[in-house]
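# A structural walkthrough
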Amino acid sequence: MKLKVIDIKGKDTGRKISLPNKIFDIEPNNQAIYLDIKAQMANKRQGSHKSKERSEITGSNRKIKKQKGTGSARAGSIKNPIFRGGGRIFGPRVRDYSQKTNKKTKSIARKSALSIKAKSNSINVVEDFSFDKPNTKGLNDFLKLLKIDSKNSLLVFAEENKNVYLSSRNLKKSETVIACELNTYLISQAHNLVFFESSLTELEKHLVWFSMNIIKKPIVSEKATNMNELDNCVSFIVDKRAN
């Protein structure tokens, strides 16, 4: 899939860039997307909620009335949960909500989310630019030229771009992210993705190598063992695609 590269003025530069098929043209896996987003949202939870239970309430343990003869229900401590000011039954406790997602699942989820955006023509590629100083109006004008200023947009950089980041902070529907930190949740929340030209190379590097096992297995041989003993190191067979 090829997309035209535009400049900061919204004009076509006359160049086209190919989106990697391994990332932007796979069969979407909705289950992987669901698992990854669910884990990310769960990991955001602090889990610091707590209410006092019966044993934690300050109060007397004296039996408040005799067992029989009052004509009302029997009752013990004033800390009984049925009384006002008593403990809470099965109240929330401090807990860890974090969930683990497998590396391959994360990778498939991101590729699936990007493929969905590519098929719905929600991706733009712009040549790299920056501002001399934070310029919210300049960035907003750029988004208006793309006709995405009223929709949630995500700008993806190859590396940190401080002035563009600061320019976007005051725009309610615009966010920025570095290519290596791009995740499934951010992709699915955005209506449009705006990739800086250099960020596609970084993204491909990160996602393709992310799913590849560089180290295959240790070398077990007499020669390797002698080298390991002499140099205090371990020898491995690596993937042929590794540089």
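Everything that follows concerns the structure shown earlier in this document.
My aim in this report is to walk through the structure given alongside it, one point at a time. (Residues numbered from 1 in each chain as written. Predicted model: local features only at pLDDT ≥ 70, side-chain atom pairs only at ≥ 80, totals over all residues. Heavy atoms only, no water.)

### Focus: the pattern of salt bridges
Worth spelling out the cut-off: The rule for a salt bridge is simple: a side-chain nitrogen of Lys or Arg has to be within 4 Å of a carboxyl oxygen of Asp or Glu. Helix numbering and strand numbering both begin at the N terminus, where a helix is a DSSP run of H or I of at least 4 residues and a strand a DSSP run of E of at least 2. Relative accessibility under 20% of the residue-type maximum defines a buried residue, over 50% an exposed one, and the middle range a partly exposed one, all with a 1.4 Å probe and only protein chains included.
Inspection of the entire model under this criterion finds 6 salt bridges. Between Arg 93 and Glu 53 there is a salt bridge whose closest N-O contact spans 2.9 Å. With a gap of 40 residues between them, Arg 93 in the loop between α2 (30-43) and α3 (103-119) and Glu 53 in the loop between α2 and α3 connect regions that are remote in the sequence. According to the relative accessible area criterion, Arg 93 is exposed, its value standing at 54%. Residue Glu 53 is classed as buried on the basis of its relative accessible area, which comes to 16%. Taking the shortest distance from any N to any O, the salt bridge between Lys 137 and Asp 141 comes out at 3.1 Å. Residue Lys 137 and its partner Asp 141 are both found in helix α4 (residues 136-145); the two are separated by 4 residues, about one turn of the helix. Of the residues examined, Lys 137 reaches a relative accessible area of 61% and is grouped as exposed. One network of salt bridges, with partners in common, ties together Arg 15, Glu 127 and Glu 197.

### A look at the sheet that holds strand β1 (residues 2-6)
This is how it is decided: Strand pairing requires that DSSP identify at least two bridges connecting the strands. Comment: axis = line fitted to C-alpha atoms, over the contacting stretch for helices; angle = value between 0 and 180 degrees taken between N-to-C directions. In what follows, residue pairs with any heavy atoms lying within 4.5 Å of each other are defined as contacts.
What the 6 strands build is an open sheet, ordered β2-β1-β3-β6-β4-β5; its pairing is mixed. Each edge of the open sheet is held by one strand with a lone partner, namely β2 (12-18) and β5 (174-178). Strand-to-strand twist in this sheet, taken as the mean axis angle between neighbours without regard to direction, amounts to 30°. The pairing of strand β4 (residues 153-157) with strand β6 (residues 192-196) spans 4 bridges and is parallel. Along β6, the bridge assignment pairs Leu 155 with Val 194. With respect to the sheet, α4 is in contact with β3 (123-126), β4, β5 and β6, its orientation differing from that of β4 by roughly 110°.

### So, the nonpolar core
Applied cut-off: Residue types Ala, Val, Leu, Ile, Met, Phe, Trp, Tyr and Cys, when buried and joined through side-chain atoms within 4.5 Å, form a set referred to as a nonpolar core.
Within the largest apolar cluster, 24 residues are counted, with the highest numbers of intra-cluster contacts made by Phe 24, Leu 114, Leu 154, Leu 182, Leu 193, Phe 195 and Leu 203. Breaking this core down by element, the ones donating at least two residues are β1, α1 (21-24), α3, β3, β4, α6 (184-189), β6 and α7 (197-210). Apart from residues no more than four positions distant in its own chain, Leu 114 is found in contact with Ile 23, Phe 24, Ile 123, Leu 182, Ile 187, Leu 193, Phe 195, Leu 203 and Leu 207. Counting 15 residues, the second-largest nonpolar core is a separate cluster that includes Val 126, Phe 157, Val 164 and Leu 171.

### Quick look at the packing of α2 against α3
Two packed helices can be described by the angle between their axes and the distance between those axes. Where we set the bar: In this scheme, roughly parallel covers angles under 35 degrees and roughly antiparallel covers those over 145, while 65 to 115 is roughly perpendicular and the rest are oblique. Crossings are classed by handedness, with left-handed meaning an anticlockwise turn of the near helix from the far one by less than a right angle and right-handed meaning a clockwise turn. The nonpolar class holds Ala, Val, Leu, Ile, Met, Phe, Trp, Tyr, Cys and Pro. Asp, Glu, Lys and Arg form the charged class, and all remaining residues, Gly among them, are polar.
Between α2 and α3, whose axes approach to 8 Å, the crossing angle comes to 115°. When the axis of α2 is compared with that of α3, the two are roughly perpendicular. Of the two possible hands of crossing, α2 and α3 adopt the one that is left-handed. Of the residues in α3, those in contact with Asn 30, Ala 32, Ile 33, Leu 35 and Asp 36 of α2 are Thr 105, Lys 106, Ile 108, Ala 109, Ser 112, Ala 113 and Ile 116. Taken together, the residues of the contact of α2 with α3 break down into 7 nonpolar, 3 polar and 2 charged.

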